[in-house]
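Read off the chains here:
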Amino acid sequence: MSSSNNCRHPLEQLKSKFTQALTSAFGSDLAGIDPMVVPASNPKFGDYQSNVALALSKQLGQPPRAIAQTLLQHLDVGGICQAPSIAGPGFINLSLEPTYLETRLRNILTNPRLGVEPVKIAKRVIVDFSSPNIAKEMHVGHLRSTIIGDSIARILEFCGHDVIRLNHVGDWGTQFGMLIAYLREAYPEALTKSDALDLGDLVAFYRQAKQRFDANDQFQAIARQEVVKLQAGDIESRKAWQLLCEQSRREFQVIYDLLDIELTERGESFYNPLLPDVVADLKHSGLLEESAGASCVFLEGFTNKEGNPLPLIVQKSDGGYNYATTDLAALRYRIEQDGAQRIIYVTDTGQANHFAQVFQVARRAGWLLENLEVVHIPFGLVQGEDGKKLKTRSGETVRLRDLLDEAIARAYNDLETRLKEEERGETEQFKAHVAKVVGISAVKYADLSQNRSSNYIFSFDRMLALQGNTAPYMLYAYVRVQGISRKGNIDLGQLGADTPILLQEYTELVLGKHLLQLSEVLTEVEQDLLPNRLCQYLFELSQKFNQFYDQCPVLQAEEPQRRSRLALCDLAARTLKLGLSLLGITVLERM
Ligand code: ARG
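Residues numbered from 1 in each chain as written. Predicted model: local features only at pLDDT ≥ 70, side-chain atom pairs only at ≥ 80, totals over all residues. Heavy atoms only, no water.

Take the overall build of the protein chain next. Within the protein chain, the regular secondary structure consists of 21 helices and 14 strands. With the C-alpha coordinates of the protein chain rotated into their principal frame, the extents come out at 85 × 70 × 40 Å. Scored against the burial criterion, the 591 residues of the protein chain give a buried share of 51%. Contacts in the protein chain between residues far apart in sequence, at least 24 positions, make up 73% of those at least 6 positions apart. Here the protein chain displays about 27,300 Å² of accessible surface, and carbon together with sulfur accounts for 48% of that area. Measuring between centres, the 63 positive side-chain charges of the protein chain sit 2 Å from its 73 negative side-chain charges. (Helix = DSSP H or I, 4+ residues; strand = E, 2+ residues; numbered from the N terminus. Buried < 20%, exposed > 50% of the residue type's maximum accessible area, 1.4 Å probe, protein only. Contact = heavy atoms within 4.5 Å. Areas by Shrake-Rupley, 256 points an atom, 1.4 Å probe, with all protein chains shown as cover. Lys, Arg positive; Asp, Glu negative; His and termini not counted. Charge placed at Lys NZ, Arg CZ, Asp CG, Glu CD.)

Printed below as a string of structure tokens:
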């Protein structure tokens with residue numbers, strides 16, 4: 001028991017101590033009760049608090065203060081906390097014992113995972129993210145999905161889960177008839193050449209095809225025939241479709257490489273052969289109804305203007321299928337074939353209803369087994385500084401590629417200015433590397449640091465600032481530590497398990513406590529899928545490190561303080577590096 005206790009983070013240890021005390025004080029009836037131990041709302045009251053005495057007052061028929069007193073007689077937190085105190089009507093306040101903190105910090109100093117234990121029960125998790133559409137521009141919404149989805153996947157992987165990162169690319173649908181017809185007309189050689197042809201800007205291509213489609217009836221008829229041929233597996237149509245997909249894929253890959261994103265593509269077309277089966281299954285379970293020639297499921301809790309139940313159309317009257325049908329097939333496949341236990345969809349809030357409807361049908365069809373969680377995690381819009389939808393100066397939609405390039409270019413300019421001020425000369429290679437890391441990190445961090453459900457205003461100036469809750473601020477804190485190690489000619493990795501840790505100064509104690517909260521934060525993010533909590537943690541860590549470093553000499557300190565402070569620096573840097581890596585951000589040794 002005690003050895004496993006050692007690896008658990010303080011909050012978890014305290015919770016189990018409280019649970020024990022509750023049953024020993026009030027009987028086994030309370031065994032399953034939530035002990036309500038949480039981080040203190042105000043550091044004045046200590047590090048953790050529990051309001052459980054107030055919550056139990058009614059059930060136990062006693063005043064909360066009396067309950068708290070009895071509870072404390074049974075609570076053994078010796079070695080972890082100082083004597084707990086009761087405040088106000090019955091709040092229990094807990095302050096961690098400095099020697100406990102010191103021991104734990106020493107333990108994690110030589111632990112590559114910094115004390116974060118992998119989960120006991122690993123799950124197979126699918127994160128469905130990014131998912132742009134073929135022949136269309138990848139827009140800022142896809143950027144958010146890509147950044148948030150990637151971070152969530154990284155965090156769950158680090159927690160020990162088995163994560164499948166799926167790119168549910170929009171690579172199927174009637175628009176391909178139009179695109180293929182146009183390809184045949186405008187680039188007939190594309191279909192006879194063996195190597196892939198560079199079609200250039202696919203978005204422009206799409207626009208031209210659409211113009212042709214809107215203007216010419218004959219072309220429309222051809223386009224419709226193309227859809228039928230493609231669906232029937234016609235070899236030439238397939239080849240044309242493939243060409244279009246490859247072209248898009250190349251363009252998407254440029255963005256993924258820039259952002260360092262890994263994804264497995266499994267587009268909508270993959271599920272195409274499975275669609276008839278979905279319809280059959282829904283029919284079999286009695287959910288399917290005919291309405292105006294279409295097969296649909298009438299939804300519970302969704303109504304139209306007249307107040308009648310809204311239908312989810314799974315097969316149109318012409319036999320065609322929908323976005324929702326594909327998602328139903330995908331969901332079924334992920335459960336049955338992939339064996340997923342948790343399925344996470346990362347798209348904008350606008351698709352919340354779509355997912356609620358798909359999940360409802362799946363539930364009513366009996367596909368959602370017990371211990372399976374399907375969840376849509378929505379995010380808000382990216383707005384320009386005027387609060388409106390993000391646009392270029394000339395009013396066009398912003399291309400992702402341009403956006404990322406501009407972030408890098410601005411980071412480069414900021415760097416040049418700073419280097420000039422500091423009278424530093426650096427190689428072009430150094431500058432280009434720093435600019436790229438800073439630019440990309442700034443964009444990612446700006447996105448992740450917001451609560452994802454709110455809209456956020458895209459501002460290069462703000463995200464690239466060296467001060468505030470930004471990537472550069474945190475990268476800089478990391479660089480500061482590397483500077484100490486260079487200046488003192490010290491390999492921080494060599495600090496062994498015998499390194500003394502002394503939390504004597506106030507800023508040391510504050511930093512030490514914060515360093516031990518990483519596990520807690522990750523446990524939370526693993527549940528709530530809110531990476532902004534991790535961002536907030538890292539921001540506070542950088543602040544607390546900077547305060548410590550401003551107050552406490554490190555290289556100039558006497559032993560044993562010197563080694564203790566070096567260890568705190570090392571832990572702060574490694575925590576930053578690990579935390580940032582889970583946001584998809586790499587650190588710099590110098591900047
Ligand atoms: N391609 C869709 C879009 O651009 C996003 C797909 C999200 N994933 C899903 N399984 N529906 O809006």
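Mean pLDDT for the protein chain: 93, with 98% of residues reaching 70 or above. Counting interchain partners and residues more than four positions distant, the pLDDT-below-50 stretch residues 1-6 has four contacts. (pLDDT = per-residue confidence, 0-100.)

Another aspect to go through is the sheet that holds strand β1 (residues 37-39). One open sheet holds the four strands; their spatial order is β1-β2-β4-β3, and the pairing between them is antiparallel. Only two strands of the sheet have a single neighbouring strand rather than two, namely β1 and β3 (85-87). Shown here is a sheet whose adjacent strand axes are inclined to one another by a mean of 35°, direction ignored. In this structure, strand β2 (residues 48-50) lies alongside strand β4 (residues 91-94), joined through three bridges in antiparallel fashion. Looking at the pairing, S50 lines up with I92 of β4. (Pairing = 2+ DSSP bridges. Axes fitted to C-alpha atoms, helices over the stretch in contact; angles between N-to-C directions.)

It is worth spelling out the packing of aromatic side chains at this point. Going through the model one piece at a time under the given rule, you end up with 13 aromatic pairs. Consider the rings of Y182 and F205, whose centres lie 5.2 Å apart with planes at 65°: the pair is edge-to-face. Placement of the pair is Y182 in helix α7 (residues 175-186) and F205 in helix α8 (residues 202-215), with a sequence separation of 23 residues. Judged by its relative accessible area of 2%, F205 falls in the buried class. On the basis of an interplanar angle of 40° and a centroid distance of 5.9 Å, the ring pair of F355 and F359 is categorised as tilted. Taken together, the residues F355 and F359, both in helix α13 (residues 352-364) and four residues apart, mark about one turn of the helix. (Phe/Tyr/Trp six-rings, centres within 6.5 Å; stacked < 30°, edge-to-face > 60°.)

Our focus in this paragraph is the state of the cysteines. Tallying each qualifying case throughout the model produces zero disulfides. Here C552 is not cross-linked by a disulfide; its sulfur's nearest cysteine counterpart is in C569, at 9.4 Å. (Disulfide = S-S within 2.5 Å.)

Across all of its chains, the model carries two cavities of 30 Å³ or more by this definition. Estimated volume of the largest cavity: approximately 60 Å³. Lining the largest cavity are H9, R104, I108, L114, G115, V116, L515, L516, L518 and S519. Only α5 (98-109) and α19 (518-528) provide two or more residues apiece to the lining of the largest cavity. Of the residues assigned to the lining of the largest cavity, the class counts are six nonpolar, three polar and one charged. Empty space within the second largest cavity amounts to approximately 50 Å³. Residue lining of the second largest cavity: P10, D47, Y48, L96, L101, K513, L516 and Q517, and that is the complete set. Considered class by class, the residues forming the lining of the second largest cavity number five nonpolar, one polar and two charged. (1 Å grid on protein atoms, 1.4 Å probe; cavity = no way out; pocket = protein on both sides within 12 Å on 5 of 7 lines; lining within 4 Å. Points joined across faces, edges and corners; volume = space filled by probe spheres on them. Nonpolar A, V, L, I, M, F, W, Y, C, P; charged D, E, K, R; others polar.)

Now for unusual backbone geometry. Cis geometry marks the peptide bond from E559 to P560, where omega comes out at 0°. Summarising the element assignment, P560 is placed in the loop between α20 (531-551) and α21 (561-582). We note that L114 has phi near 50°; this positive angle belongs to a residue other than glycine. If you trace the backbone, L114 turns up in the loop between α5 and β5 (124-128). Residue L114 is classed as buried on the basis of its relative accessible area of 6%.

Further remarks concern the site of the ligand. Surrounding the ligand, one finds D128, S131, N133, H142, H168, Y323, D327, Y345, T347, Q351 and F355. D327 is positioned such that a nitrogen or oxygen atom in its side chain is 2.7 Å from a nitrogen atom of the ligand. Contact distances for the ligand include 2.8 Å between an oxygen atom and a side-chain N or O atom of Q351. Here the ligand, which alone exposes 350 Å², has 89% of that area covered by the protein. For the shell around the ligand, the secondary-structure elements that each account for two or more residues are α12 (323-336) and β11 (342-348). Grouping the constituent residues of the shell around the ligand by class yields three nonpolar, six polar and two charged. (Near = heavy atom within 4 Å. Polar contact = N/O pair within 3.5 Å; in protein donor to acceptor, adjacent residues only side chain to side chain.)

Right, let's talk about the pairing of β11 for a bit. Judged by how many residues are buried, β11 sits mostly within the fold: six of seven residues are covered. Pairing of β5 with β11, which is carried by four bridges, proceeds in the parallel orientation. Within the sheet, the bridge partner assigned to V125 lies in β11 and is R342. One ladder, built from seven bridges, connects β11 with strand β12 (residues 373-379); its direction is parallel. Paired with T347 across the strands is P378, a residue of β12. Each parallel crossover has a hand, and for β11 linked through α13 to β12 it is right-handed. (Right-handed = clockwise from strand over helix to strand, strands pointing away.)

Here the largest pocket defines a volume of roughly 670 Å³. Broken down by secondary-structure element, the contributors of at least two residues to the lining of the largest pocket are α18 (506-515), α19 and α20.

Turning next to the sheet that holds strand β8 (residues 288-291). Strand order in the open sheet made by the three strands is β8-β9-β10, with antiparallel pairing throughout. Two strands lie at the open edges of the sheet, namely β8 and β10 (309-315), each paired on one side alone. Pairs of neighbouring strands in the sheet enclose a mean axial angle of 55°, with direction left out of account. Its contacts with the sheet put helix α11 (residues 275-284) on β8, β9 (294-303) and β10, and the angle it makes with β8 is roughly 105°. Against the sheet, α13 engages β9 and β10, with an angle of about 105° to β9.

V127, I344 and L534 are the most contacted members of the largest nonpolar core, which has 157 residues in total. Sequence-distant contacts of L534, that is, excluding residues within four places in its chain, are made with I155, L518, V521, L522, V525, G579, L582 and L583. I126, L275, Y345 and A362 belong to the second-largest nonpolar core, a separate cluster that totals 33 residues. (Core = buried A, V, L, I, M, F, W, Y, C linked by side-chain atoms within 4.5 Å.)

Here we come to α13. The first and last C-alpha atoms of α13 sit 18 Å apart over 13 residues, in line with the 18 Å expected at 1.5 Å per residue. For α13, the full list of buried residues reads H354, F355, Q357, V358, F359, Q360, V361 and A362. Where α13 is buried, its residues touch α11, β9, β10, α12, β11 and β12. Phi turns positive one or two residues past the end of α13, at G366, with a value near 80°. (Expected span 1.5 Å × (residues − 1).)

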